[in-house]
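Breakdown of the fold
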Amino acid sequence: MVNVSRTPIIGGNWKMHHTRGLARELLFSLRAPLEDFHQIEIVIFPPAPWLGDAVDVFESSSILVGAQNVHSASEGAFTGEQSAAMLIGTANYVIVGHSERRLLFGETDRQINEKLHSVIDAGLEPILAVGESQDERASGETDNVLRRQLFAAFENIEMLPVGMVIAYEPVWAIGTGMSASPEIAQMAAVTVRALVAERFDELAADSLRIQYGGSVNTTNASAFASQTDIDGALIGGASLNSNDFSAICEIFARTQ
Ligand code: PGA
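Summarised in this report is the structure supplied together with it. Remember, predicted model here, so these are calculated numbers, not experimental data. (Residues numbered from 1 in each chain as written. Predicted model: local features only at pLDDT ≥ 70, side-chain atom pairs only at ≥ 80, totals over all residues. Heavy atoms only, no water.)

**What about the pattern of salt bridges?**
For the coordinates displayed, the defined rule picks out 15 salt bridges. In this structure, the salt-bridge partner of Glu107 is Lys115, at a minimum N-O distance of 2.6 Å. On the basis of relative accessibility, which here comes to 9%, the residue Lys115 falls in the buried class. A salt bridge links Glu132 to Arg137, with the shortest nitrogen-to-oxygen separation between them at 2.7 Å. Given a relative accessible area of 0%, Glu132 falls into the buried group. Accessibility expressed as a relative area gives 25% for Arg137, which makes it partly exposed. Ionic contacts of the salt-bridge type, sharing partners, join the residues Arg6, Arg193, Asp229 and Asp231 into one network. (Salt bridge = Lys/Arg side-chain N within 4 Å of Asp/Glu carboxyl O. Buried < 20%, exposed > 50% of the residue type's maximum accessible area, 1.4 Å probe, protein only.)

Rendered as structure tokens:
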């Protein structure tokens, strides 16, 4: 076991919400309470059209900006898409493999692997999202699903960036108000860390930051924050409310 300290990371995934006016209001209302948080990393993932606004509003603060999606090619005739190279200078982080991309847009393990390559090659930080469905959990398949998703995503990747982020997000907990119990999240995080140790090495596993995602709110955040293998959260619904999101960031900063 290598002893490394892991800086907690909280992501706010706005998904496809907010027109520009509302988005700018939310960005400004996040900046004030969060601009001086240095104990944890805070990353806001606005819809793609507002990435530039986020960069402007957060300028010279510690708040980082991320993209919700990326195409794996570096450029080409792919209407409506953006490449990792185009995100350089705007986004620090990129979410890869979110279950909504997998389920609603048919993203395959192979595409997720290609996207992960492109993000790492561009020097951006990926947040790789994995997690089982309700049926898979009910039939005792969770560990196999995590193994399949992770090993497929890591195909032909020789080394993970140090401090790489994986979000464990059980599909049944996303946007449902039915979060996983902290114990379930902790057990899944242990499995994810063990799988990374098996595929790479102890250093990669110990420096790996694992977020829990799925109906995190101001009430349940501290129970997740106090789990040994959980190093942050990926937050959807509650990230659209600046008071709630700031409160969750404070909870993680206090509990680290
Ligand atoms: P939720 O979304 O917090 O609304 O459940 C989490 C996510 O999709 O990352």
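**Considerations on the packing of aromatic side chains**
Enumeration according to the criterion identifies three aromatic pairs in this entry. Judged by centre distance (5.0 Å) and plane angle (75°), the rings of Phe154 and Phe200 are edge-to-face. Of the two residues, Phe154 is situated in the loop between helix 7 (142–153) and strand 6 (165–168) and Phe200 in the loop between helix 8 (182–199) and helix 9 (202–207); the sequence distance between them amounts to 46 residues. Residue Phe154 is classed as buried on the basis of its relative accessible area, which comes to 1%. Taking the relative accessible area as the measure of exposure, Phe200 reaches 15% and is therefore buried. Taking the centre distance of 4.3 Å and the plane angle of 15° together, the rings of Tyr212 and Phe224 count as stacked. Here Tyr212 is found in strand 7 (residues 209–213), whereas its partner Phe224 is found in helix 10 (residues 221–225), with twelve residues between them in sequence. (Phe/Tyr/Trp six-rings, centres within 6.5 Å; stacked < 30°, edge-to-face > 60°. Helix = DSSP H or I, 4+ residues; strand = E, 2+ residues; numbered from the N terminus.)

**As for the sheet that holds strand 4 (residues 93–96)**
What the eight strands build is a closed barrel, ordered 1-2-3-4-5-6-7-8; its pairing is parallel. Between one strand axis and the next, the sheet turns by 25° as a mean value, whatever way the strands run. One ladder, built from four bridges, connects strand 4 with strand 5 (residues 125–130); its direction is parallel. By the bridge assignment for strand 5, Val96 is matched with Leu128. Those strands touched by helix 8 are strand 6 and strand 7, and its axis lies near 140° from that of strand 6. (Pairing = 2+ DSSP bridges. Axes fitted to C-alpha atoms, helices over the stretch in contact; angles between N-to-C directions. Contact = heavy atoms within 4.5 Å.)

Read these as spatial facts, not as claims about activity.
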